[in-house]
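A structural walkthrough
Listed here are the chains, written in short residue letters.
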Amino acid sequence: MAASIVKRVSRVKKLNISHISARYKLLTGFRHFSTSKQWNKALVLGVYENESTDSIDFTGTARKFDEKADGKISQLLLTVKKPLKCGKTRTLHAVDPEFSSVLVTCIGKRGEGYDELETVDKGRESIRAAVAKAVLQLRELGENEIEVDSCGDTEASAEGCHLALFSYDDLKAEKSRKPTVRISCATRYSQDKNSMEKEWRKGAILAEGQNLSRRLMEMPANLLTPTKFAEIIKEQLADKCEVLVRDKDWAESMKMGSFLSVARGSVEPPVFLEIEYKGRQSDSPLALVGKGVTFDTGGISIKPSQGMDAMRGDMGGAACVAGSLLSVSKLQLPVHVKAFIPLCENMPSGSATKPGDVVTAMNGKTIQVDNTDAEGRLILADALCYSEQFNPSLILDMATLTGAIDVALGAGAAGVFTNSDDMWNKLQKASVRSGDRVWRMPLFNHYTKKITECQLADLNNIGGSRSGGACTAAAFLKEFVNNKNWLHLDIAGVMSNNGDVAYLGKGMSGRPTRTVIEFINLMSKETNN
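Residues numbered from 1 in each chain as written. Predicted model: local features only at pLDDT ≥ 70, side-chain atom pairs only at ≥ 80, totals over all residues. Heavy atoms only, no water.

Structural notes on the overall build of the protein chain
On a plain count of helices and strands, the protein chain comes out with 17 helices and 21 strands. On C-alpha atoms alone, the protein chain measures out to a radius of gyration of 27 Å, which is about the 24 Å that the 2.2 N^0.38 rule sets for 529 residues. Reported as C-alpha extents along the three principal axes, the dimensions of the protein chain are approximately 90 × 55 × 45 Å. Expressed as a percentage of the 529 residues in the protein chain, the buried residues total 55%. Pairs at least 24 apart in sequence give 76% of the contacts found in the protein chain among residues at least 6 apart. Per element, the accessible surface of the protein chain, about 23100 Å² overall, is 49% carbon and sulfur. (Helix = DSSP H or I, 4+ residues; strand = E, 2+ residues; numbered from the N terminus. Rg over C-alpha atoms; globule rule 2.2 N^0.38 Å. Buried < 20%, exposed > 50% of the residue type's maximum accessible area, 1.4 Å probe, protein only. Contact = heavy atoms within 4.5 Å. Areas by Shrake-Rupley, 256 points an atom, 1.4 Å probe, with all protein chains shown as cover.)

What follows is the structure in structure tokens.
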């Protein structure tokens, strides 16, 4: 034992005393600058994953900052002989008088890109997740102003920050709310600051659209009625969009019997929103349709009470349409978009639609309603019919439509049903860029037969069994679409986030808003070429 003690003492003598001091500062947060300064500004720097214990693979911004700080960042990181892995962080203090905290976050391996098996750009996703973790940790430390390294992809970095810092705590006491944090891009070492700031702004706007979707989905149903939803959208979009708020009488005049049948059970009047964004002149707009059931009890076919509170988010399709339009208008994309959002509640009452009732949709088709909890397809049917009147170049609808898609795909991807290979390829390309994945599902005639074999009417609103529920729901919607470029996104599986996406907190996700924005961006470029 005495010999081993001597060996340890010998090793300590060989250590450079500066390394001991550096490690002490790293672990304790010791500050050698004047404590009279107000410390409230922080910096996030990126490093790449590196197996070496002798060098640090910095991003461009991080390397230049380390040089400015006389190598203190690299010295402190190398003191801890365990290289950073993707998503791991180190928080440093007292390395620069301007910043009270400098947080180093590992953004994965240099040069990572598209992963064919995962159908995602791993490099961009790693950046989003890494900077998201960094800003959340700094917020916990009390930092209220944070500069963030672009990490080689300014747009993705901005997305990660702004999505991570979102919280819906408006209804909590002031002391219980998350503090506001100002986020900016660390452009000081860039040779092209204007380009970097432009990309940062784009990423922030993409996140803003998704955050609007999340906010709407989180709002309690007693505060977000169909009428209130319309008021909020008018306030959010009126500057750049024309927003028309249609009432029940208008829906009746349009013979929207399918939509109105769902609204019958509630005292809250239904609303049909029609929104137009004209970034360019066109006779064939891109049409967006969103399911807007602001609360879904299931109606007479009532849902179990456990977890029913989450049905405040059953207007997720409508919320994602609104969020997409917010970002599209703020980005001033050169595209013509018309959006259609049927809004109502699905409630049980003496006036509610009963199982076995037959209603007539706008296109004249009759529907036997055997399950009043399959209501989303009923309100979308009339919205899809109405959208066809404007000769759209394509129709994309979004809806938290079926629990079956959650069983099939979980939170891994939104299910997509489409009659166009070209539209699918573009949407999938958009999802790779956004990191919010989609997965194609079948539209076989096999499923159409399940809803056209009906005892009392042209169509049944359910397929007769639980098998292929998402597919039969899509087949039902297909009966109300003539457009050759139609995409139906069943987003029930991605409605909420429970740790599935690292840069989204727990709660309503607002997915796949950014994928749809990217898709519209792709379509605008194609149209204008």
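Considering the environment of Gly279
For Gly279, the position within the fold is in the loop between strand E9 (271–278) and strand E10 (286–290). You can call Gly279 partly exposed: its relative accessible area is 33%. Spatially, the C-alpha atoms of Gly279 and Asp239 are 13 Å apart, while their sequence positions differ by 40 residues. Residues in contact with Gly279, not counting those within four places in the same chain, are Leu333, Pro334 and Val335.

Quick notes on the nonpolar core
Nonpolar side chains in soluble globular proteins generally cluster together in the buried interior. Grouped together as the largest cluster of nonpolar side chains are 59 residues, with contacts concentrated most on Leu216, Phe229 and Leu396. Phe340, Cys344, Ala381 and Tyr447 belong to the second largest nonpolar core, which has 47 residues in total. (Core = buried A, V, L, I, M, F, W, Y, C linked by side-chain atoms within 4.5 Å.)

Side note on the UniProt feature "domain: Cytosol aminopeptidase" (unreviewed entry) in the protein chain
UniProt records the feature "domain: Cytosol aminopeptidase" (unreviewed entry) at residues 371–378, using the numbering of this structure. Secondary structure across residues 371–378 divides into 38% helix and 0% strand, with the first and last C-alpha atoms of the span separated by 11 Å. (UniProt positions renumbered as here; feature names shortened; annotations may be inferred.)

Quick look at the confidence of the model for the protein chain
Mean pLDDT over the protein chain works out to 92, with 92% of the residues at or above the 70 mark. A low-confidence stretch, residues 1–39 stays under pLDDT 50, and its non-local contacts, those more than four residues away or across chains, total 37 contacts. (pLDDT = per-residue confidence, 0-100.)

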